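Report on the structure
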Amino acid sequence: MKSRIFSLLFSATLLSASLLPQLAHAASVSFIEPADGAVVSSPFTVKFGVSGMEVKPAGDMTANTGHHHLLINEDSIPAGQSIPIDDKHLHFGKGQTETSVTLPPGEYKLTMQFANGAHQSYGPELSKTINVTVK
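Residues numbered from 1 in each chain as written. Predicted model: local features only at pLDDT ≥ 70, side-chain atom pairs only at ≥ 80, totals over all residues. Heavy atoms only, no water.

Before going further, it helps to examine the overall build of the protein. Scanning the protein from N- to C-terminus turns up one helix and nine strands. Secondary structure elements in the protein, listed N-terminal to C-terminal, are α-β-β-β-β-β-β-β-β-β. Here the protein, with 135 residues, has 32% of them falling under the buried criterion. In the form shown here, the protein has an accessible surface area of approximately 7,900 Å², with 57% of it arising from carbon and sulfur atoms. (Helix = DSSP H or I, 4+ residues; strand = E, 2+ residues; numbered from the N terminus. Buried < 20%, exposed > 50% of the residue type's maximum accessible area, 1.4 Å probe, protein only. Areas by Shrake-Rupley, 256 points an atom, 1.4 Å probe, with all protein chains shown as cover.)

On the secondary structure map, Phe114 appears in strand E8 (residues 106–115). Ignoring anything within four residues of it in the chain, the contact list for Phe114 reads Val29, Val50, Met53, Glu54, Val55, Thr65, Gly66, His67, His68, Ser121, Tyr122 and Leu126. (Contact = heavy atoms within 4.5 Å.)

Before going further, it helps to spend a moment on the packing of aromatic side chains. Here the structure, examined in full by the defined rule, presents two aromatic pairs. Ring centres 5.2 Å apart and planes at 55° place the aromatic pair Phe48 and Phe92 in the tilted group. Taken together, the residues span a long stretch of sequence, with Phe48 in strand E3 (residues 44–51) and Phe92 in the loop between strand E6 (89–91) and strand E7 (98–101) at a distance of 44 residues. Here the two residues Phe48 and Phe92 agree in accessibility, since each one is buried. (Phe/Tyr/Trp six-rings, centres within 6.5 Å; stacked < 30°, edge-to-face > 60°.)

Evaluation of the coordinates by the stated rule reveals four salt bridges. Between Glu54 and Lys56 there is a salt bridge, and its shortest N-O distance comes to 3.6 Å. Look at Lys56 and you get partly exposed, because its relative accessible area is 25%. (Salt bridge = Lys/Arg side-chain N within 4 Å of Asp/Glu carboxyl O.)

Moving on to the sheet that holds E7. Strand pairing in a sheet takes place through backbone hydrogen bonds and is either antiparallel or parallel in direction. The strand order across the open sheet built from three strands is E1-E3-E7, with neighbouring strands paired in antiparallel fashion. Edge positions in the sheet fall to strand E1 (28–33) and E7, since each of these pairs with one other strand and no more. With strand direction ignored, the average angle separating the axes of adjacent strands in the sheet is 30°. With five bridges connecting them, E1 and E3 associate as antiparallel partners. Bridge pairing in E3 places Glu33 opposite Lys47. (Pairing = 2+ DSSP bridges. Axes fitted to C-alpha atoms, helices over the stretch in contact; angles between N-to-C directions.)

Pairing of E3 with E7 involves four bridges; the strand directions are antiparallel. Within the sheet, the bridge partner assigned to Thr45 lies in E7 and is Ser100.

What follows concerns the nonpolar core. One broad trend across soluble globular proteins is that nonpolar side chains are buried collectively. One finds Phe31, Phe44, Val46, Leu70, Leu103, Tyr108 and Leu110 to be the most contacted residues of the largest nonpolar core, which totals 22 residues. Looking at this core, the elements that each hand over two or more residues are E1, E3, strand E5 (65–72), E8 and strand E9 (127–134). No other element matches E8, which puts four residues into this core. (Core = buried A, V, L, I, M, F, W, Y, C linked by side-chain atoms within 4.5 Å.)

The next thing to look at is unusual backbone geometry. Here Glu33 and Pro34 are connected by a cis peptide whose omega angle stands at -5°. Within the secondary structure, Pro34 is located in the loop between E1 and strand E2 (39–40). Cis rather than trans, the peptide bond between Ser42 and Pro43 has omega equal to 0°. Checked against the element boundaries, Pro43 lands in the loop between E2 and E3. With a phi close to 60°, Asn64 is a non-glycine residue in the positive phi region.

Set out below in structure tokens:
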């Protein structure tokens, strides 16, 4: 009997482990606009995309939901960490999926970070980075 229970638990563990990579990649974010490497004039439009999650305003802690953040010349935020509030970390807590960005001429790294209703990052798996040049 013990060996049968062990066998069932072992099989369930293997099945769970094989599904984890699929679950981790089930949700993703993308830049709809601008394209990576784009040369843009300021102000320019940034459009956010997300799949496998639903966009909800800040404060809504429903599972599999969150909202976008745009990080200027910053890396993605580790999972569970709160996203700072400053001029390099733009919050879209009303559930916006696009914005107009004004930056002086130069080269920029733009990182989109999806986070839960408490502004806690979902980590690098739900971030995307592109580079743009503002002329």
